[in-house]
Amino acid sequence: MSAYEPVDGIDISWCPGCGNFPIRKSIISMLVSLGSDAQPRVVFITGIGQAAKMPHFLHVNFFNGLHGRALAVAAAVKMANPSLVVIAEGGDGDMYGEGGNHYIHTIRRNIDITHIVHNNMIYGLTKGQASPTSQSGMITRVQPHGVISRPFNPLAVALSLGATFVARTFSGDMPLTESVLKEAVNHRGYALVDVLHPCVSFNKINTSSWFKEHTYSLTGHDTSDRNGAWRLAMEEERLALGIYYREEGVPVFSDHLACYQSDRTPLFERRPDEEKLKALIRSFV
Amino acid sequence: MNRPYDFSRNEDISIIISGAAGQGIKTAESLITAIIKRHGLYCFSCREYMSRVRGGLNSTQVRVSADPVAAWRDGIDILIPLTPDLSRLDHRISDTTLIIGDPSLFTEGRTGIAFSFDEAAGGDGRLYNTAASGLILALLHIDFSLLSESLNERFANKSEKIRERNLTAARAGYEQGGALLRDGTVTIALEPSPAPRSRMIVSGTEAVGLGALAGGCSFISSYPMSPGTGVFEFLSRQADAFPLVSEQAEDEIAALNMALGAWYAGARGMVSTSGGGFALMGEALSLAGVTETPAVIHIAQRPGPATGMATRTEQGDLNLALHAGHGDVARVIFAPGNPDQAFRLTARAFSLADEYQIPVIILTDQYLVDARHTIPPWEDPLAGYASHIVETGDGYQRYRYTESGISPRGIPGFGRGLVRVDSHEHDENGRISEDWRTREKMVQKRMKRLEQLAASAIMPSSHGNPEAATVVVSWGSTLGTALEALGKSGAEQIHYLHFSQVYPLNPALRPLLQRADRLVVAENNHTGQFADLLAVTFGRRADERLLQVNGFPFSVEYLTSRFTRYRRPV
Ligand SMILES: Cc1ncc(C[n+]2csc(CCOP(=O)(O)OP(=O)(O)O)c2C)c(N)n1
Ligand SMILES: [Mg+2]
């Protein structure tokens, strides 16, 4: 067992057969690749939903906050201590619905975090309402005549906002998920990994076999080609799996902050500068 | 010759400059108050303005005195209108008001001295304020050299021509003022002294900002909303000199969530907003409560509901601050009465939030943040600074049960332990728990600290006669006005209590309120929100509520007239 798995008995609250189980395994494998030395610096920031419970089932630092708000918290954690490895994780409702505004602006900031979204195209925890990625026409207890709105396209949105790492995987393809997650966590900059997965209890349309039929693995795609990535993101018939786009060397948010220009010390190790403060106060005399 | 205006017996001179947004009234305010202080007189200044960028009618009050002044007065001694529009000042002009400006204004019993700002400014609308500054400083017997020095400093980076034009306008105004003194039209006799020269002129906004720095604030995330934006701007400007991250959040929801993230990672985070923005932070406040994450929240109140009046003042968000957030959430609410308290309480908010792992709210208002006072500088700003973060070891439990209910707070990346923080009900390890026993214990753990916070709550400052039958209570920005009114109405009939901490309330207050024959609560809202809080907390209902909701602070005149009535026995 790895250092990243909890030692005390844990009661995993997902349904048997849930796509979250293989995602958890893939995440553990990603964490192991960071080495156990990194453990005190690895922080998971999550919202609320079945997916967002993930860090409770790992052995990691976490801030399990509010539904929809993980990215705001994650952004600040990374600003306050850039040496932390920050992973924001949650479901499609959490990240693209309730947290949609934070999704847009976190990408714009290019915060150096890994953003893992469990996309089961449904609200799992609240028992089966439409999510922003539910397909039009899907019938739920709240949408008895079918979902009216068009589905949200997270990859296209990320690309349009200048995200420097954009990927999609499928929980059923663990080798791919693992390798994409490892690339994402090593990417310096905002990295989106949208993980398609079945919700065995509530999504009767996008099942495991539906995903197998409607996805394909990218081969020979040039990940530095933004327009190519855009075309992939706009495909509707079958969804491409793999890294759509990556761009290295783009300055991240904290590179722009004055307090880190000559000193990378995290904020908690700094004290207010008494002389400067006194001088500032005197400037009002 | 003009009718004489004799202000020689005034304790202070209340000068109002009015004009349209964009005419540089604020610039004139900061220019002349700095010079008046250097000359050796005290100033209090405060603006009232419309929520627009150009046009409209704004004004600023500058009260000048040989003694400290700290309150808003309705009355106007000298009115300097840069535009011939007095519509919004009507009710404040009396037959003793001297108007200096366009003679078309001298109607309906109003009198004054004709003066053309346009002429003084050489036809340049941007220089009316400079001409007005010259005029005012001359009337106060202040040497022109102080003004010319200031102008040269201010315009050091501008062209020679701009400097010259400003000096010319200033001199034209100054000569007019001098002439009015010489021919006896105006008499002013304020004696300067050295004391004011070593004082600061500081606004509530600046005091909150400086207090935040003294509290070790290293993170601010906010979304602009008047009148809370000033603190956000002030701190953002300090981010080059201090270890401080400033980020404009996408909304207030993000702002407070960010601040919590910052504290979780070991920084000291703050948000600055107004009632509407704070309403959006309710859920995050609740999150601070359940996760026991510190937070400092500055709410500069303005009249609500909803958008209300962006640039006016009110104390209508006390109930919101008290009750925001679902579930039971421990919190502290400070309500500074002036910039000095704003500095000290904001600094204290950071150590208190850190020590007790709670959100601390600083409740100010437009009047408090905009008003500028002449006060002594803070000599030892970091005196109260303390950090309570612990290094974690193996097996660290973020929510370990303790006697006080407060568990040592670790942060990720400092020590070998893991810091697990959870918005669900959770166990000592921060893991989701649905166990009813754990639930009960955790609620008690989180709320227990309120007892300690109440026992150590700041007592109200006490003024007037502690034996008096009438007890007058007010809170927050009303302090200076109430104190001046108390002095003017004869303090022996009133025991005045000013609350700079409005929640939790110290249990030791009970006898102070119980012994009152007449309890009067003065506050700027419609229902008497603090009076209600006193009633709920101590079972003592106010006999009288002095309330005001017109967007202005209480004036010295209004409170004086009310207080004077309490001379009569109850
Ligand atoms: C403010 C707020 N609104 C609503 C909820 C209820 N809620 C909890 S999880 C959730 C949606 C879950 O869907 P998703 O994020 O896709 O996660 P999943 O369970 O599918 O993994 C909702 C609406 C909440 N906890 N907080
Ligand atoms: Mg979902």
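Above this text sits the structure in question.
Residues numbered from 1 in each chain as written. Chains lettered and ligands numbered in written order. Predicted model: local features only at pLDDT ≥ 70, side-chain atom pairs only at ≥ 80, totals over all residues. Heavy atoms only, no water.

> Quick one: what's the story with the site of ligand 1, residue by residue and with numbers?
Near ligand 1, the surroundings consist of 17 residues, among which Gln50(A), Asp92(A), Asp94(A), Gly124(A) and Leu125(A) are the closest. Near ligand 1, the surrounding residues belong to chains A and B. Between ligand 1 and Ala51(A) there is a distance of 3.0 Å, counted from an oxygen atom to a backbone nitrogen or oxygen. Considering ligand 1 on its own, with 590 Å² of exposed area, one finds that the protein chains cover 78% of that surface. Sort the elements by how many residues they give to the shell around ligand 1 and helix H3 (residues 92-98) of chain A lands first, with four residues. (Near = heavy atom within 4 Å. Polar contact = N/O pair within 3.5 Å; in protein donor to acceptor, adjacent residues only side chain to side chain. Areas by Shrake-Rupley, 256 points an atom, 1.4 Å probe, with all protein chains shown as cover. Helix = DSSP H or I, 4+ residues; strand = E, 2+ residues; numbered from the N terminus.)

> Explain the pairing of strand S1 (residues 42-46) of chain A to me, using residue names and the numbers behind them.
Residue and element names in this part refer to chain A. Of all the five residues making up S1, five are buried; the element is thus mostly covered by neighbouring parts of the structure. Where burial is concerned, the two faces of S1 agree: the one with Val42, Phe44 and Thr46 and the one with Val43 and Ile45 are both buried. For S1 and strand S3 (residues 85-91), the ladder comprises five bridges, and the chain directions are parallel. From the neighbouring strand, Val43 faces S3, where its bridge partner is Val86. Of the strand pairs in this sheet, S1 and strand S2 (residues 61-64) are connected by four bridges, and their pairing is parallel. Residue pairing across strands places Val43 opposite Asn61, the latter belonging to S2. (Buried < 20%, exposed > 50% of the residue type's maximum accessible area, 1.4 Å probe, protein only. Pairing = 2+ DSSP bridges.)

> Break down the interface of chain A and chain B for me, with residues and values.
Between chain A and chain B, the contact holds 51 residues from the first and 69 residues from the second. In this assembly, chain A packs against chain B so that about 4,900 Å² is buried in total across both faces, 69% of it on carbon and sulfur atoms. At the junction of chain A and chain B, the tally comes to two salt bridges. Between Glu247(B) and Arg109(A) there is a salt bridge, and its shortest N-O distance comes to 2.5 Å. For the pair chain A and chain B, the interface holds 19 residue pairs in polar contact (both at pLDDT 80 or more). Of all elements in the fold, only S1, S2, helix H2 (70-80), helix H4 (100-109) and helix H9 (274-282) of chain A reach the threshold of two or more residues within the side of chain A that touches chain B. Along the lines of polarity and charge, the residues of the side of chain A that touches chain B split into 31 nonpolar, ten polar and ten charged. As defined by bridge partners, S2(A) adjoins strand S19 (residues 420-422) of chain B across three bridges and the pair is classed as parallel. Across the sheet, Phe62(A) pairs through a bridge with Arg420(B), a residue of S19(B). (Contact = heavy atoms within 4.5 Å. Buried area = accessible area lost by both parts, 1.4 Å probe. Salt bridge = Lys/Arg side-chain N within 4 Å of Asp/Glu carboxyl O. Nonpolar A, V, L, I, M, F, W, Y, C, P; charged D, E, K, R; others polar.)

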